[in-house]
Every structure is written in C-alpha cells, then in structure tokens.
Amino acid sequence: MSRSRPAHAPGPGETPSPSAGLAAVSTALLAMSRHLEVGDVLKTITASARELLDAEYAALGVPDDHGGFAQFVVDGVSDEQWRAIGPLPRQHGILAAMLHEEKAERLADVRKDPRFEGWPSAHPDMSDFLGMPIRDGEETLGALFLANKRCPKVSLSRRGDRCGFTEHDEELLRLLAQHAAIALTNARLYERSRELTIAEERSRLAHELHDAVSQKLFSLRLTAQAAATLVDRDPVRAKGELQQVAALAAEAADELRAAVVELRPAALEEDGLVHTLRTQIQVLDRAHAARVTFDNQGVRALPPAQEEALLRVAQEALHNALRHSGAGRVDVVLERRGHGAVLRITDNGRGFEPSRVRRAGRHLGLVSMRHRASGVGGRLTVQSAPGEGATIEMEVPGG
C-alpha cells in the first residue's frame, strides 16, 4: 500500500474538505471489506488508519483475557525494528486507556502524559498521539494507536504550532473505528463459521469412515477365519477365500485413501481452486476403480468465498459419485462463464429420481450443496434419472 499522500489530500496545516475526508474514509472502508480473514482485516485497518490520517506510525492492539495483547499489529515499523523492540506490550499506561475507556485520547506529546511509562530502547521516538477504541456495543474489540502526524520541515520551536492530530483527524478515526468494528466482527464470524463447517465435515467423514471400513474389516476377519478352517480340508475353496481376503483388503485401503484425501486441508490460499481441484482429482483417480477426470476451461482465479464453495461442492459430489452411484467414470469440468464460473460433475452411475428430492437431498448432501451455492450468490442444479447417471452443476458470479 502506498504511503504517499493522495493527490486530493490537503497539505500540513490545511483543513481538509468534507468531501476529501469522506472519499479517504470510503477508500479505507472498501479496503477493509475485501478481506475475510481476521489477520488480514487487522493489517488493513492499521494501514488504512495510518494513511488516512497521514501518520508516521500506526498500531492496532487486540486484548486477551490475561492482561496483555492477543494480537498487536503495527504499520510504519520495519520487521527488524519490531524484532528489536521485543515482546508484545502489556495493557498498561496510555494503551490501557484505549482498552478500558470509551473515549479517544489525543495528546500533543505522549511522553508528557502522567500515564506514560517509557518504551524499550529500540522503540522509535514518538510525540503527538491519537488513540481510539474499537468497540462493538459494550465489548472492546481492540484499539487503534497513531503517532507522529507528518509535518513540514520546521524548527522544533514551531513544531507544536504546525503539527499534531486535529479534531478533524479524531472524527475521521472515530468513523473508521466504527466500521472497523463491523469488519472485524464479520471476519470473526466468518472464521467461526468455517471452523464449524470443517468440524461438521470431519464428523461426517469420521462416521462414514467408521461404517465403511469397519464393515470391510469385519468381512475381512470372517473370510480369513473361513480360509483358515478350509485350508486342510478343502484347499481349493480356501484359495478362493484368500482371494476374497485380498479383494476386501484392497477395498478397505481405497476407503482409507479417499478419506485421507477429504480430510487433508485444501491449499486454496497457496495454490488456488484450479490447482487444488486438479491435485485432489488425480489422487481420487488413483485411489478408485472409477476413471476420474478434470478439465479447466478458462478459469483462473475467483473470490476466496466462491473458490471455497466450489471446492466443497465438488468434494461432496465426487464423494456421492464414487461411494454411492456405482459409476465407472466421473468427469469434472470447470469453465468460465462471464465474470464467474460453472462447475459440472457428471457420472455414469445408477442415477436417481430428482422428484424424490427430500429423500435424495438428505442422502446425497444436496441440501448442503444448495446452501453453499446460495451463500455465495450462486445456484445449483441437479439432473438425473434412474440408470442414466447424474449431473450436478453449480454456477457462481465473479468478484
């Protein structure tokens, strides 16, 4: 993010126009709204506050439950400086005021405040200070700290006349903090929702793994016992039973491999949807008797929420086709449509009757897939008939 003053921003000592201030706040709010991860939101809030108020340093502290900071994000301090400064600050001095009071703190020189308790030797020198709590109702989510309003090169004797945060700066930061609370709350809700989704999927996989593999192992044990009984009395039949043991062991191994693939976290952030899908489908193709193919037609990158929804629907549909449909072939196609994309999973399995949607929906996870599609502004369609396989198609808009 550029640290230079925007072309419309006022120079030091000038009073910014209301339209310029609102435009700068709007830019900052748009930047915050682009992120869903809490860490990214914290960094964006901090950088946006520093640029909005043209400060040399900015920080955002999130309190923990033990008298310290769970997270402390800085902007304007290099990584080397930050490592030299040492451990995270505790909730003391002027920082505590932002975490335990509702009002802002605007100081001409933080070093002269009676609550100031000094800082480590590697800490940069700071004078003028503006602090603002980030609150959601009665809860303090964090606090923004800004220091050293940028000034023209003037003598130290005139520094106080020409520099320092203004009442207008305080109002802008208050507005930013109010929207930061919304962005931070949304990011936390998103992360909790994703954690719940992962937990639900792992629970589902655990049940299916237990049912499928336990049955295979039970059959394996009985067949092995039968082979042991027949080995002396009827060697031919014993050989047949041992061949069945080998087949059951191979099926159990397939179930385990497929479960491991689904439990492995998708590297969407690092690799993107196309690479992640291709990798998982290659593994499924090796692990199952059915032929599983993947074809990408012009899709590069989509917003993170759309990519995650498409991946989860693809995994659910592949699970259905490979475990329940008896398909000998499953084809997955991802193609560009306008600014969005379409995911299509087609199998040549036994199919089902779509009109019996209530029963099929529960059995095949169609309700969950439809929720995922609608959750990102997309839609899901299902085509199937007994003996004619099935096609599941999900379309999502672009960013």
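This section reports on the structure supplied with the text. None of the values given here were measured: they were computed from a predicted structure.

Let's talk about the sheet that holds strand β7 (residues 329-337)
Link 1 in the chain: On the basis of which strands lie adjacent, the open sheet formed by five strands has the order β6-β7-β8-β10-β9 and mixed pairing. Edge positions in the open sheet fall to β6 (291-297) and β9 (379-384), since each of these has one partner strand only. Taking each pair of neighbouring strands and ignoring which way they run, the sheet shows an average axis angle of 10 degrees.
Link 2 in the chain: Relative to strand β10 (residues 390-396), strand β8 (residues 340-347) runs antiparallel, the two being bridged by seven bridges. Of the residues in β10, the one forming a bridge with I345 is I392.
Link 3 in the chain: Across the sheet, helix α11 (residues 366-375) is in contact with β9 and β10; its angle to β9 comes to roughly 145 degrees.

Description of the nonpolar core
Link 1 in the chain: In terms of nonpolar packing, the biggest core is built from 37 residues, with L277, V330, L334, L343, L380 and M394 touching the most fellow members.
Link 2 in the chain: For this core, the elements supplying multiple residues, two or more each, are α8 (268-287), β6, α9 (304-323), β7, β8, α11, β9 and β10.
Link 3 in the chain: Here this core gets nine residues from one element, more than from any other, and that element is α9.
Link 4 in the chain: Setting aside its immediate chain neighbours within four residues, V330 contacts R291, V292, T293, L318, A321, L322, I345, T346 and D347.
Link 5 in the chain: Formed by 29 residues, the second largest nonpolar core is a distinct cluster that contains V62, L173, A181 and A183.

About the cut-offs
- In this numbering scheme, every chain counts its residues from 1 along its sequence in written order.
- Given that the model is predicted, a residue must reach a pLDDT of at least 70 before its local features are reported, and side-chain atom pairs must reach 80 or more before they are shown or counted; all residues, however, enter totals for whole chains, interfaces and linings.
- Each side-chain value is derived from all of the structure's non-hydrogen atoms; neither hydrogens nor water enter the calculation.
- One bridge is not enough; two strands pair if DSSP finds at least two bridges between them.
- Only DSSP runs of H or I with at least four residues qualify as helices, and only runs of E with at least two residues qualify as strands; both kinds are numbered from the N terminus onward.
- Helix axes are fitted to C-alpha atoms over the stretch in contact, other axes to C-alpha atoms as well, and angles between N-to-C directions run from 0 to 180 degrees.
- We call two residues in contact when some of their heavy atoms are within 4.5 Å.
- Think of a nonpolar core as a cluster: buried Ala, Val, Leu, Ile, Met, Phe, Trp, Tyr and Cys residues, connected wherever their side-chain atoms sit within 4.5 Å.
- Each residue is assigned to one of three classes by its accessible area relative to the maximum for its type, calculated with a 1.4 Å probe on protein chains only: buried under 20%, partly exposed between the two thresholds, exposed over 50%.

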